Amino acid sequence: MRTFANVHELKAAVGETFGPTEWRTVTQEQVNLFADATDDHQWIHVDVDRAKEGPFGGTIAHGYLTLSLLPTFMFSMVHVDNIAMAVNFGLNKVRFPRPVPVGARVRAVGELADVKGTPAGYLATLKMTIEIEGEKRAACVAEPLYLYVPADQAASA
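Everything numeric in this text was worked out from a predicted model, so none of it was measured.

## Digging into the packing of aromatic side chains
Alright, step 1. Within this structure, the stated rule accounts for three aromatic pairs.
Alright, step 2. With a centroid separation of 6.1 Å and an interplanar angle of 90°, the aromatic rings of Phe 4 and Phe 18 are classed as edge-to-face. Taken as a pair, Phe 4 in strand S1 (residues 2-4) and Phe 18 in strand S2 (residues 17-18) lie far apart in primary sequence, 14 residues in all.
Alright, step 3. Note on Phe 4: relative accessible area 0%, which makes it buried.
Alright, step 4. For the pair Tyr 64 and Phe 96, a centre-to-centre distance of 6.0 Å together with 85° between the ring planes defines the contact as edge-to-face. One end of the pair, Tyr 64, is in helix H5 (residues 63-68); the other, Phe 96, is in the loop between strand S5 (83-95) and strand S6 (105-118), with 32 residues separating them in the sequence.

Encoded structure:
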């Protein structure tokens, strides 16, 4: 975990790499709950018996489930003090080079690519990679954006 005293310290760290995070196991229960939340019950995700005969040899996590782990990973790598809030602002790019088999362990590595001041706060761009234990190809490569609103800026708004 890298802690910054404020957004100005964060901005000075552009180019710095964070992580890797701790490994996290992707479970069938997570996949099933995600399927229920998104109404995406495709058999490659939720039908354990059928998926054994499918192209991946078992069930796999939804790509968007893998992507949804980014905030958890991000906030376990980077913390900024003296902010009113940090919010997910979106994504520039997302790719899913390799599916995550249920039962696999994943972790993330991130690089702070940019921090720009905006009227709403400081917009940080990261380059995040979610790795699968024992695999050469990443599960997800993305550029999430996080908006950091300094505590003093929120108080004056």
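The discussion continues.
## Quick look at the pattern of salt bridges
Alright, step 1. Under the defined criterion, the tally for this structure stands at six salt bridges.
Alright, step 2. As a salt-bridge pair, Asp 114 and Lys 116 come within 3.7 Å of each other at their nearest N and O atoms.

## Describing the pairing of strand S8 (residues 140-150)
Alright, step 1. Buried residues dominate S8, accounting for 10 of its 11 residues.
Alright, step 2. Bridge count for S5 against S8 is nine bridges, and the pairing is antiparallel. Bridge pairing links Leu 91 to Pro 144 in S8.
Alright, step 3. Direction of pairing for strand S7 (residues 121-132) relative to S8: antiparallel, over a ladder of seven bridges. Bridge assignment links Thr 125 to a residue of S8, and that residue is Leu 145.

## A look at the nonpolar core
Alright, step 1. In terms of nonpolar packing, the biggest core is built from 35 residues, with Leu 10, Val 78 and Tyr 148 touching the most fellow members.
Alright, step 2. Of all the secondary-structure elements, those providing two or more residues to this core are helix H1 (7-12), helix H2 (28-38), H5, helix H6 (70-77), strand S4 (78-80), S6, S7 and S8.
Alright, step 3. Considering every element that reaches this core, the biggest residue donor is S7, with six residues.
Alright, step 4. Not counting the four nearest positions on each side in its chain, Val 78 is found in contact with Met 1, Arg 2, Phe 4, Leu 10, Phe 18 and Tyr 148.

Here is what the cut-offs are and how they apply
Along each chain, the written sequence defines residue order, and numbers are assigned to residues from 1. Only residues with pLDDT of 70 or above have their local features reported here, since the model is predicted, and side-chain atom pairs are shown and tallied only from 80 upward, although totals for entire chains, interfaces and linings are computed over all residues. Excluding hydrogens and water, the side-chain figures rest on all heavy atoms present in the structure. Aromatic contacts are taken between Phe, Tyr and Trp rings whose centres are within 6.5 Å, Trp giving its six-membered ring; a plane angle under 30 degrees counts as stacked, one over 60 as edge-to-face, and the others as tilted. Each helix is a run of DSSP H or I of at least 4 residues and each strand a run of E of at least 2, with the numbering of both proceeding from the N terminus. Categorising residues by exposure relies on relative accessible area from a 1.4 Å probe, with only protein chains included: less than 20% of the type maximum marks a residue as buried, more than 50% marks it as exposed, and the intermediate range marks it as partly exposed. Definition used for salt bridges: Asp or Glu carboxyl oxygen within 4 Å of a side-chain nitrogen of Lys or Arg. Two strands make a pair as long as DSSP finds a minimum of two bridges between them. Buried residues of nine kinds, namely Ala, Val, Leu, Ile, Met, Phe, Trp, Tyr and Cys, make up a nonpolar core once their side-chain atoms join them within 4.5 Å. Residue contacts are counted whenever heavy atoms from the two residues lie within 4.5 Å of one another.

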